[in-house]
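# Inside the fold
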Amino acid sequence: MYDTSKLLLQRLVRRIPTQMLKATLDKWGRLTVEQRQAMDFTQSKWALTQKLLSVCEENKLTLTHLAELEMIHAMENPNQGMWYTFQLLEPENDAQSVELTQFKQQFKCHLSELLRQMSVKIKKHTDEAVWIRIALGSSFSKPNHLKPTYVVHYLQTPYVFVRNLTSKLKPLLSQALTLATRHQGVKEANLSGRNLTSIRDLLMRQYQQVFPTKYHSPPEEEDQPVLNQHIEKEQGGVAAHRRHMAHQAFGDGMLPQLQSAVYMLDTKFRDPNNRTMTEREETFKCVVKFSSINLLESLRSCASSGIASAPVTPLLSSIPLKGRNYFVVTDNTPGPSSQGHQTQN
Amino acid sequence: MSRLNPFAKLPGLNTASVLLVESEEHFQQSLAEALVEETSVTVNVRLAKSFPLPIENDESRPRIDLVVFIINLTSELSFQSAEASLKYLEPGYFLGKVCFMVTNARSSSVPAERLDAVRRLAASLHCPLLFAEEQTPEGVTNAAERLLTILKAAAGFVPFTTPLYLSNLTRCTLPPDIDQPSFD
């Protein structure tokens, strides 16, 4: 499949910014010292592609080697594309003791039983994450390396993050993952985002949190320490209280970057001013989507400035609390994936 | 319902106190910092989001000489909050001790009806209506200067001028064609 190799290399060189290209190629380690020195990174990308193509031909590099290069680049830049989260359920007794070699072997073994034509690469990243690159083919075609699926799993946690999952691969991947990690099932965790580090931080609570206290400290700190003695706030206490509630719900310092939150509402319409709609028997279905560059930051400032009501509503505070950004809201039915709260119009 | 009373307390010596009421709590901070730089009188600035004011501060609050409502024209909530706060003022304030300040009047997203509504409100209460530009430091100093002129008169520092007299000259009037449709 020589054409596919050329195409993959072209795409890679286009996608990797020139400043990072040298470092990525060095990490890849498939070029000899002379070849590396002969690369001139001030040339245009097209010239670089041609040079690399000739180098690859010289070294007889194949598609799998190029896939390695792509994986190195993906691991250095995890915050691209759309990541979806899955959660593993019901661990068995030895789930806590699954370590890397066992996981790798089991995963490859199970997946190859289910699929003939596929290419799997597993690598461990410096921060304990296991990265898996899967290129899928069918019984008639070779693996498609141009559209690989990336899976990131942290061993001994139940969380799996997937990018570019196809519907064909989904059931097979679920089965291979549950067997390899010694669990009994996997479900969608309803959390998605562009930033892998952020959704990981959100789920594993690796951001600065404020714990609820009964007697919270008097409001001082950064609230204008050098305030002019002639300027005084009338409602300073109220503002500090609001700020404290907002920080309790959403945390103190830098927040993980989420891009959106979606609420699927399936509740009865409630508006005292609109009799016709309220009198209907059927539920009113609607979708509410909040999107922002940094959603949690904007929700926190909404709450502390008073735009959102002061004890932060559980609908919003459950985004960081439960680590999800997709909710189904129905009337009065507390269920695992729904919130038993009534919406206000 | 306790209202703010303009004459219930004694004034401070060479001191003028102004209350800035703004629903967004944004412009009032920079305006306050510009106001306290005045040297000829001591200016005390109190900042609030809306009325009613907390009762705990009633004892320590000085006599408020001027109440300024800062309305951001791009937000309907801002206007409604200011309107709702009016009923917490004693009628004595409306004899020249209340002023309206409007920001973002040049923004294209402002519907013309809102500015008209603010004008009508100011005109019906016989209060001056000032337009301020909050995004540049010059705009803030400008607004502070004009506010200081009114504040000095309201606090009694200008001889032969009472706040009622000044408000008669500076109050907002409605243009005669306010009810005609505009050419947008």
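Up top is the structure these notes are about.
Summary of the structure given here. (Residues numbered from 1 in each chain as written. Chains lettered and ligands numbered in written order. Predicted model: local features only at pLDDT ≥ 70, side-chain atom pairs only at ≥ 80, totals over all residues. Heavy atoms only, no water.)

### Structural notes on the overall build of chain A
When helices and strands are tallied, chain A shows 12 helices and 11 strands. Taking 345 residues into account, the globule formula puts the C-alpha radius of gyration at 20 Å, and chain A, at 25 Å, lies well above it. By its C-alpha atoms, chain A is 75 × 55 × 45 Å across when sized along the principal axes. Put simply, chain A has 345 residues, and 42% of those count as buried. In chain A, 69% of the contacts between residues at least 6 apart in sequence involve partners at least 24 apart. For chain A, the computed accessible surface area is about 19,200 Å², with 53% contributed by carbon and sulfur atoms. On chain A, the mean spot of the 41 positive side-chain charges and the mean spot of the 32 negative ones are 8 Å from each other. (Helix = DSSP H or I, 4+ residues; strand = E, 2+ residues; numbered from the N terminus. Rg over C-alpha atoms; globule rule 2.2 N^0.38 Å. Buried < 20%, exposed > 50% of the residue type's maximum accessible area, 1.4 Å probe, protein only. Contact = heavy atoms within 4.5 Å. Areas by Shrake-Rupley, 256 points an atom, 1.4 Å probe, with all protein chains shown as cover. Lys, Arg positive; Asp, Glu negative; His and termini not counted. Charge placed at Lys NZ, Arg CZ, Asp CG, Glu CD.)

### What about the packing of aromatic side chains?
Tallied over the entire structure, the rule returns 10 aromatic pairs over all chains. Ring geometry for Trp-83 of chain A and Trp-131 of chain A: centres 5.7 Å apart, planes at 85 degrees, overall edge-to-face. With Trp-83 of chain A in strand S1 (residues 83-91) and Trp-131 of chain A in strand S3 (residues 129-136), this pair connects stretches of sequence that are 48 residues apart. Owing to a relative accessible area of 2%, Trp-131 of chain A belongs among the buried residues under this scheme. Taking 5.8 Å as the distance between ring centres and 20 degrees as the angle between the ring planes, the aromatic pair formed by Phe-103 of chain A and Phe-107 of chain A counts as stacked. One end of the pair is Phe-103 of chain A and the other is Phe-107 of chain A, both in helix H6 (residues 100-114) and 4 residues apart, which spans about a single turn. Judged on exposure class, the residue Phe-103 of chain A and its partner Phe-107 of chain A are both buried. An aromatic cluster is defined as three or more aromatic residues linked by ring pairs; in this entry it consists of Phe-51, Phe-69, Tyr-88 and Phe-100 of chain B. (Phe/Tyr/Trp six-rings, centres within 6.5 Å; stacked < 30°, edge-to-face > 60°.)

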